[in-house]
Amino acid sequence: MAQNNSSNNLVVKQASGALDQMKYEIAQELGISFPQDGYAGNLTSYENGSIGGYITKRLVTIAEQQLAGQYK
């Protein structure tokens, strides 16, 4: 049996829906037509990277805002 060494596991499983929604919102903001069936194999590496990069940027911003409010 093969081991899965991927680090792409969600820590909070309930966040899956919110992350998917964010993916579609960011793709729309960037003008990228993300297929509703979720298959992104027809997108370029640049497009997928852009979506992932903006998701990370937005999640960091959200975390910073929460920490700033929590520790002030």
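Rules of the game
- Residues numbered from 1 in each chain as written.
- Predicted model: local features only at pLDDT ≥ 70, side-chain atom pairs only at ≥ 80, totals over all residues.
- Heavy atoms only, no water.
- Helix = DSSP H or I, 4+ residues; strand = E, 2+ residues; numbered from the N terminus.
- Buried < 20%, exposed > 50% of the residue type's maximum accessible area, 1.4 Å probe, protein only.
- Contact = heavy atoms within 4.5 Å.
- Areas by Shrake-Rupley, 256 points an atom, 1.4 Å probe, with all protein chains shown as cover.
- Core = buried A, V, L, I, M, F, W, Y, C linked by side-chain atoms within 4.5 Å.
- Expected span 1.5 Å × (residues − 1).
- Arc of directions from axis to C-beta.
- Salt bridge = Lys/Arg side-chain N within 4 Å of Asp/Glu carboxyl O.
- Phe/Tyr/Trp six-rings, centres within 6.5 Å; stacked < 30°, edge-to-face > 60°.
- Lys NZ or Arg CZ within 6 Å of the ring centre and 35° of its normal.

**Some words on the overall build of the protein chain**
Thinking step 1. Within the protein chain, the secondary structure is distributed over 2 helices and 0 strands.
Thinking step 2. Taken over 72 residues, the protein chain has a buried fraction of 14%.
Thinking step 3. Sequence separation of 24 or more characterises 43% of the internal contacts of the protein chain that already satisfy a separation of 6 or more.
Thinking step 4. Approximately 6000 Å² of the protein chain is accessible, and the part contributed by carbon and sulfur atoms is 52%.

**Considering the nonpolar core**
Thinking step 1. Listed in full, the 9 residues of the largest apolar core are Met22, Ile26, Ala27, Ile32, Phe34, Ala40, Leu43, Ile51 and Ile55.
Thinking step 2. Of all the secondary structure elements, the ones that give two or more residues to this core are helix H1 (16–29) and helix H2 (45–71).
Thinking step 3. Here the element with the most residues in this core is H1; it accounts for 3 residues.
Thinking step 4. In contact with Ile51, other than residues within four places in its own chain, are Lys23, Ile26, Ala27, Leu30, Ile32, Phe34 and Leu43.

**Some words on H1**
Thinking step 1. If you check H1, its first and last C-alpha atoms are 20 Å apart, about what 14 residues at 1.5 Å a residue would give, namely 20 Å.
Thinking step 2. Buried within H1 are the following residues: Met22, Ile26 and Ala27. Taken end-on, H1 shows its buried residues confined to a sector of 130°, consistent with a single buried face.
Thinking step 3. Positioned one or two residues after H1, Gly31 has a phi angle of 75°, which is positive.

**A word on the pattern of salt bridges**
Thinking step 1. Within this structure, the stated rule accounts for 3 salt bridges.
Thinking step 2. Note that Asp20 and Lys23 form a salt bridge whose closest N and O atoms lie 3.5 Å from each other. Taken together, the residues span about one helical turn, with Asp20 and Lys23 both in helix H1 at a distance of 3 residues.
Thinking step 3. Using a relative accessible area of 34% as the deciding quantity, one classes Asp20 as partly exposed.
Thinking step 4. Three or more residues joined by partner-sharing salt bridges are found here, namely Glu25, Glu29 and Arg58.

**Considering the packing of aromatic side chains**
Any pair of aromatic rings gets described here by the distance separating the centres and the angle formed by the planes.
Thinking step 1. With the rule as written, the count across this model stands at 1 aromatic pair.
Thinking step 2. Aromatic pair Tyr24 and Phe34: ring centres 5.2 Å apart, planes at 85°, arrangement edge-to-face. Within this pair, whereas Tyr24 is found in helix H1, its partner Phe34 is found in the loop between H1 and H2, the two being separated by 10 residues in sequence.
Thinking step 3. By relative accessible area, Phe34 is classed as buried at 9%.
Thinking step 4. Lying over the aromatic face of Tyr24, Lys23 brings its terminal NZ or CZ to 5.7 Å of the ring centre.

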